[in-house]
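Observations on chain architecture
So the chains spell out like this:
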Amino acid sequence: MFERYTERARRVIFFARYEASQFGSPSIETEHLLLGLLREDKPLRIHMLDSDIDSLRKEIERQRPSREKIATSVDLPLSRESKEVLAYASEEAEALHHNVIDSGHFVMALLRTGDSLAATLLRQHGIGQEYRDKVRETTDAAVPPPPPPRERAVDRTRSWYEGQKREAAVSFRSAAAALEALLDAAVENIDNSSEEHAQRRLKRKPWSRKQALGHLIDLATAHHQWLARALVEPRLAITSPPQDEWVAAQQYESVSWPDAVDLWICLNRLLLHLLLFIPEEKASMPCRIGIEEPIPLLKVIERYIAHSEDIIGQIMSRL
């Protein structure tokens, strides 16, 4: 709801909630929003001298006598009129072609609430529709610059490891080179596939290309855990590898294709990073997967890469 609000506008609501608690009000009323604005909206404070601000608060206190204070930890809802103010503020921002909603828009919105206490007090202190010009000037300056474009995994340098280039142990060098080559090929080709292409079925598997990538995400996640365990355990015993039926259960079909591509690339960059730190003596470490006979850790890695190459090849295929 508050995505378009500036930090200043959010503070107005925060202080309005505080003022409501001090008055013992069960909801945040328009007069509490006005008191919040007097803390945050500089043009409004400049227009109203300190004496006017004091008299305005005294008038609110006279018309809304304080009850027992409410703890600030208690959530207070916006009143119906205050909800209208937020809606009007959005309309005011759009009318001025502002991308954000700032405190000045709240002032204009309060003036539209008819005979509310806040609107009445604003008009009594000389705040009217001409305030729009001040809102235009101050809000234009409050618009933050657009955020830089988000850097995707396919746009980054290929290595997860950002330090000095490290070489894998002798037995793992071929596997590391194969995984790196697979990632290079995927970065160059797989992301060029459209969403329509991602929905097409594989030739040799009962999956769409998107589902197949989901399977590879499951597999990469599992192998990351296995390699992490291999670094600290003398042998590896795995109950079972990821199952094919997990793909449908996790609804990979509904996942964004670019997000799935980025996730698979990041996971495999992490695996490549781990390969650089596995010591030579771990290459022959026995690993039992399910009911299979134990095989060396190096063989586990080579099987993973070979399977990934097969599936990625089918995903990139245009047939």
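Above: the structure in question.
This write-up is about the structure you can find in this document. (Residues numbered from 1 in each chain as written. Predicted model: local features only at pLDDT ≥ 70, side-chain atom pairs only at ≥ 80, totals over all residues. Heavy atoms only, no water.)

Only one face of strand 2 (residues 286-289) is covered, namely the face carrying C287 and I289; the face carrying P286 and R288 is uncovered. Bridge count between strand 2 and strand 3 (residues 295-296): 2 bridges; the pairing is antiparallel. Within strand 3, the position partnered with C287 by the bridge is I295. Taken together, strand 2 and the strand that follows it, strand 3, pair antiparallel across an intervening segment of 5 residues, in which G290 is found at a positive phi of about 65°. (Buried < 20%, exposed > 50% of the residue type's maximum accessible area, 1.4 Å probe, protein only. Helix = DSSP H or I, 4+ residues; strand = E, 2+ residues; numbered from the N terminus. Pairing = 2+ DSSP bridges.)

So, about the side chain of D41. Mapped onto the elements, D41 comes out in the loop between helix 2 (30-40) and helix 3 (42-47). Buried within the structure, D41 lacks any salt-bridge partner; its nearest side chain of opposite charge belongs to R8, at an N-O separation of 5.3 Å. One polar contact links D41 to S103, side chain to side chain, over a distance of 2.6 Å. (Lys, Arg positive; Asp, Glu negative; His and termini not counted. Salt bridge = Lys/Arg side-chain N within 4 Å of Asp/Glu carboxyl O. Polar contact = N/O pair within 3.5 Å; in protein donor to acceptor, adjacent residues only side chain to side chain.)

For the rest of this paragraph, the subject is the sheet that holds strand 3. Judged by pairing direction, the sheet is mixed, and its 3 strands sit side by side in the order 1-2-3 without closing on themselves. Only two strands of the sheet have a single partner each, and these edge strands are strand 1 (236-238) and strand 3. Relative to strand 2, strand 1 runs parallel, the two being bridged by 3 bridges. Of the residues in strand 2, the one forming a bridge with I238 is I289. The strands touched by helix 11 (residues 209-230) within the sheet are strand 1 and strand 2, with strand 1 carrying the most contacts at an inclination of about 150°. (Contact = heavy atoms within 4.5 Å. Axes fitted to C-alpha atoms, helices over the stretch in contact; angles between N-to-C directions.)

What follows covers the nonpolar core. Ranked by size, the top nonpolar core spans 53 residues in total, and within it F172, L213, W264, L297, I301 and I315 carry the most contacts. Listed by contribution, the elements that provide at least two residues to this core are helix 9 (173-189), helix 11, strand 1, helix 13 (257-275), strand 2 and helix 14 (297-316). Counting residues in each nonpolar core, the second largest holds 39 residues, with A9, L33, M108 and I127 among its members. (Core = buried A, V, L, I, M, F, W, Y, C linked by side-chain atoms within 4.5 Å.)

Turning next to the packing of aromatic side chains. By the definition in use, this model includes 2 aromatic pairs. Relative to F106, the ring of Y5 lies with its centre 5.7 Å away and its plane at 65°, an arrangement referred to as edge-to-face. With Y5 in the segment before helix 1 (7-23) and F106 in helix 6 (residues 103-111), this residue pair connects regions lying 101 residues apart in the sequence. A relative accessible area of 7% places Y5 in the buried class. For the ring pair F14 and F15, a centre distance of 5.3 Å and an interplane angle of 70° mean the geometry is edge-to-face. Looking at F15, the relative accessible area reads 19%, which means it is buried. (Phe/Tyr/Trp six-rings, centres within 6.5 Å; stacked < 30°, edge-to-face > 60°.)

This brings us to the environment of E68. Among the secondary structure elements, E68 is positioned in the loop between helix 4 (50-63) and helix 5 (80-95). Considering only alpha carbons, one finds E68 and F23, 45 residues apart in sequence, at a separation of 7.3 Å.

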